[in-house]
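# Working through the structure, step by step
Residues per chain, in single letters:
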Amino acid sequence: MAELSNAAKPDGKALVDIYRRMLRVERNDDAIRATLRRGRLQMPYYSARGQEVIPAAISHLLNRDDQICTIYRGIQDMVAKDMPLKPLWAEIAGRVDGTCKGKGGPMHLTYPDMGIMVTTGIVGSSMPIANGLAWAAQLDGSKKVVVAYFGDGAANIGAFHEALNMAAAWKLPVLFVCANNGFAEHTRFEDGTAVDFISKRAAGYGMPGYTVDGNDADDMYAHASAAIDRARSGEGPTLLECKTFRFLGHVLGDDDFYMDKAVKAAAMEADPLPALRARLIAEGHATEEELAALQASLEAEIAEAQEFGLNSPPPSLDELRRDVFAEEMPA
Amino acid sequence: MTEMIKMNGIQAINAAMMQAMEADPKVLVLGEDVGDREGGGVTGTMKGLSTKFGTERVKSTPISEQAIMGAAIGAAMAGYKPVAEIMMMNFTTVCMDMIVNHAAKLRFMSGGQTSVPLTIRTLTGAGWQTAGQHSDFFEGWFAHTAGIKVVAGSNPADLKGLLLSCIDDPDPCIFIEGGMTLFAPGEVAADQGPIPLGKAKVVVPGTDVTIVSWSAQVLRCQMALQGLAEAGISAELIDLRTISPWDRECVLESVAKTGRAMIVHEAVRSFGPGAEIAATINEELFGQLKKPVKRLGAPECPVPFAKVLEDAYIVQPADIVAAAVEMMG
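Reading guide: rules and limits
- Residues numbered from 1 in each chain as written.
- Chains lettered and ligands numbered in written order.
- Predicted model: local features only at pLDDT ≥ 70, side-chain atom pairs only at ≥ 80, totals over all residues.
- Helix = DSSP H or I, 4+ residues; strand = E, 2+ residues; numbered from the N terminus.
- Rg over C-alpha atoms; globule rule 2.2 N^0.38 Å.
- Buried ≥ 20, exposed ≤ 12 C-beta atoms within 10 Å, placed from the backbone.
- Domains from an automatic or database assignment.
- Contact = placed C-beta atoms within 7 Å.
- Nonpolar A, V, L, I, M, F, W, Y, C, P; charged D, E, K, R; others polar.
- Pairing = 2+ DSSP bridges.
- Right-handed = clockwise from strand over helix to strand, strands pointing away.
- Axes fitted to C-alpha atoms, helices over the stretch in contact; angles between N-to-C directions.
- Expected span 1.5 Å × (residues − 1).
- Arc of directions from axis to C-beta.
- Parallel < 35°, antiparallel > 145°, perpendicular 65-115°, else oblique.
- Left-handed = near helix turned anticlockwise from the far one by under 90°.

## A closer look at the overall build of chain A
Scanning chain A from N- to C-terminus turns up twelve helices and eight strands. Here chain A has a C-alpha radius of gyration of 19 Å; the compact-globule value for 331 residues is 20 Å, and the two agree. Principal axes of the C-alpha set define a box for chain A whose edges measure 55 × 50 × 40 Å. Out of the 331 residues in chain A, the part that is buried amounts to 53%.

What follows is the structure, encoded as structure tokens:
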């Protein structure tokens, strides 16, 4: 497997920011699940609990106008990129103040103002569209980079092959970020994939590929830095396979019967969120008080967004005729 | 007096592309073999573009329909106006996810925050013995998908004008190039500009029966005109030009006048676009019709190879005359 020749290291400030993004994702995930349990939200929910380091480290390194295309488990990718939470909550509640006016919902959240361009419910489809955004950036000479987020299951669909080949052939500024959480829905990675590391496939496309500890902030930071630098300098795409674990199954309510209980328990024991928190304090990057204050402020932001979202009115039925085309459909 | 230039459909499409790319640097071309080094497209419609506008704007792609469509969608979202060639309409099946789930739906699903001003050009049509996977008219599939416009010209002037409109449209359009229409000669005004989408054209006025058709079948309807006249039937031929959204006003006005309607398309008759048009005529003009609406389309089978079978598969001018005679009886 490929090793980075020159690994960038996050300083204390970077680690604190990565932790902030992780905590924002985790606290928001917790609030969504609590609201679902109370019956105040009705939606399919694909929690990414346990996978927070991946988008947190990448988002720390992205600019506001860098773009992402993500998937149905991608709320974490947006929250890590600092998407405002009010339009997010109004959208998942199906309300008019939602970022998509309640017409997309949790699987199609979009916020172009911060580069959140596409959220797809189709496995693998984030990748070909990320290429197009990257092609536009290349034509514009903008130095923008585009991240395509997807899972290990999507590495086995045809769109992966077509998109990675084209991105490499055209030297597109894309990061292909595969969160390998070990399960394609309920099927174990090794039962559906003969190769031991998805990153090995990168060689077949003529691009660098790395298997990264997706739960380790240093490793994610180093590899994401290298991939972003490469993309920005016009050298082309990189495939990052980020090994992680999905704590809450494929979709909320899934009882994980297909998981090895001991493996899951060990993964949860190694939860990257409290681990990074402990490290920040141990290494003197932040104090207990500072982190408690950070948590309180994030929880307040989330609570405010939640109230805003749940109290926003539903969309008007006229919305059925709007945004089908630029021109409103006749009544 | 505007200068009229003799050309075929290939030249008309090429002229539209030249004009659009010249006028707007945001217009891009991508697809298999579209560059000049690769021949300028399978029928040569893209000839000269990469030489004139460069291979950055005119990109030959790998044989990867999903990647082509994804690249076109992303570039369109970022403000470009890509014209993506899917060599044959049957190959759109390989990228239906990109077209149906993404290009057509992103504007709605994002609440209008993103849009996909994309044109998909694609060639098809029976009559060339290309059999079951290179000949299908799938306009009905796309017309059944909210969020994408479906366009098909039948003559060089319309091909040019409609393609210009597709490229400038703020939403995704699929522009169908019926093989027969590419080779049929015609005259195109030197300054031919965009022809509005959603507007049909009365090709020949008449009083007895309205014939609604599009793409290559318009040409076969025109071949039937003499036979119809000999049978004493005054047919009004309408070229729909845009299949979705279709020009209900033009069709209904004509049928209200003639009292008889026939839809002629190359696609399979069952569940074809003719059914939608027939149903609308029945809903709007029930009681004014002299005869039930007739639909002429292909039998429920894949496009066959053997010439004798292929000829029987396609609705021919004689079939159109026979159907009209029957309606008059």
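## Looking at the domain arrangement of chain B
All names here are of chain B. When its domains are assigned, chain B resolves into domain 1 (4-189) and domain 2 (201-328). Each partner contributes residues to the interface: domain 1 has 26 residues there, and domain 2 has 25 residues. Of all the secondary-structure elements, those providing two or more residues to the side of domain 1 that touches domain 2 are helix 6 (139-143), strand 6 (149-151), helix 7 (156-168), strand 7 (173-178) and helix 8 (179-183). Residues belonging to the side of domain 1 that touches domain 2 are distributed by class as follows: eleven nonpolar, eleven polar and four charged.

## Overview of the environment of B:Arg248
Within the secondary structure layout, B:Arg248 lies in helix 10 (residues 248-258). Placed 32 residues apart in sequence, B:Arg248 and B:Thr280 show a C-alpha to C-alpha distance of 8.2 Å.

## Thoughts on the pairing of strand 4 (residues 174-180) of chain A
Residues and elements named next belong to chain A. Burial runs high along strand 4: seven of the seven residues are buried. The two faces of strand 4 match: Val174, Phe176, Cys178 and Asn180 on one face and Leu175, Val177 and Ala179 on the other face are all buried. With six bridges joining them, strand 3 (residues 146-151) and strand 4 adopt parallel strand pairing. Paired with phenylalanine 150 across the strands is cysteine 178, a residue of strand 4. Read as a crossover between parallel neighbours, the route from strand 3 over helix 6 (residues 158-169) to strand 4 is right-handed.

## Remarks on the interface of chain A and chain B
On the chain B side, the residues contacting the 34 residues of chain A number 35 residues. Going through the elements one at a time, strand 2 (116-120), helix 5 (126-140) and helix 6 of chain A are the ones with two or more residues in the side of chain A that touches chain B. When its residues are assigned to classes, the side of chain A that touches chain B shows 19 nonpolar, ten polar and five charged.

## What to know about the sheet that holds strand 9 (residues 201-204) of chain B
All names here are of chain B. The strand order across the open sheet built from five strands is 9-11-10-13-14, with neighbouring strands paired in mixed fashion. Every other strand in the sheet has two partners, leaving strand 9 and strand 14 (294-298) as the edge strands with one partner each. Here the average twist between neighbouring strands, direction ignored, is 25°. Direction of pairing for strand 9 relative to strand 11 (residues 235-239): antiparallel, over a ladder of three bridges. Paired with lysine 201 across the two strands is aspartate 239, which belongs to strand 11. The sheet strands contacting helix 13 (residues 317-328) are strand 10 (209-213), strand 11, strand 13 (261-268) and strand 14, and the helix crosses strand 14 at an angle near 160°.

## A word on the pairing of strand 1 (residues 67-71) of chain A
All names here are of chain A. The element strand 1 is extensively covered by neighbouring structure, given that five of its five residues are classed as buried. Every second residue of strand 1 is oriented toward a common face, with Gln67, Cys69 and Ile71 on one face and Ile68 and Thr70 on the other, all of them buried. Pairing geometry for strand 1 and strand 3, over three bridges, is parallel. Within the sheet, the bridge partner assigned to glutamine 67 lies in strand 3 and is valine 146. The pairing of strand 1 with strand 2 spans four bridges and is parallel. If you follow isoleucine 68 over to strand 2, its bridge partner there is isoleucine 116.

## Thoughts on helix 6 of chain A
Spanning twelve residues, helix 6 of chain A covers 17 Å between terminal C-alpha atoms, matching the ideal 16 Å at 1.5 Å per step. Along helix 6 of chain A, the residues that are buried comprise A:Ala159, A:Phe160, A:Glu162, A:Ala163, A:Leu164, A:Met166, A:Ala167 and A:Ala168. Looking at the buried residues of helix 6 of chain A, the elements they touch are helix 5, strand 4, helix 8 (201-205) and strand 8 (238-243) of chain A together with helix 3 (65-77) of chain B.

## Let's talk about helix 11 (residues 272-282) of chain A
Residues and elements named next belong to chain A. When we look at burial in helix 11, the residues that qualify are Pro272, Leu276 and Leu280. Seen along its axis, helix 11 keeps its buried residues to an arc of 75°; they face one direction. For helix 11, the exposed residues lying more than 90 degrees away from the buried face are Pro274, Ala278 and Ala282. Among the structural elements, helix 1 (12-37), helix 2 (53-61), helix 9 (217-232) and helix 12 (288-311) are those in contact with the buried residues of helix 11. Of the residues trailing helix 11, glycine 284 is marked for its positive phi of about 75°.

## Concerning the sheet that holds strand 7 (residues 209-213) of chain A
The pairing of strands in a sheet comes from backbone hydrogen bonds and takes either a parallel or an antiparallel form. All names here are of chain A. Spatially, the six strands line up as an open sheet ordered 2-1-3-4-8-7, and their pairing is parallel. Of all strands in the sheet, those with a lone pairing partner are strand 2 and strand 7, marking the two edges. If you compare each strand with its neighbour and ignore which way they point, the axes differ by 20° on average. Contacts between helix 5 and the sheet are confined to strand 1, strand 2, strand 3 and strand 4, with strand 3 contributing the most and set at about 175° to the helix.

## What about the environment of B:Val325?
Residues and elements named next belong to chain B. Counting through the fold element by element, valine 325 comes out in helix 13. Owing to 15 C-beta atoms within 10 Å, valine 325 belongs among the partly exposed residues under this scheme. Apart from residues lying up to four places away in sequence, valine 325 is in contact with Ala231 and Ile233.

## A look at the packing of helix 1 of chain A against helix 12 of chain A
Residues and elements named next belong to chain A. The N-to-C vectors of helix 1 and helix 12 enclose an angle of 40°; their axes lie 10 Å apart at closest approach. Judged by the angle between their axes, helix 1 and helix 12 are oblique. Here the hand of the crossing between helix 1 and helix 12 comes out right-handed. Taking contact as the criterion, the partners of Arg20, Leu23, Arg24, Arg27, Asn28, Ala31 and Thr35 in helix 1 are, on helix 12, Leu294, Gln295, Leu298, Glu299, Ile302 and Gln306.

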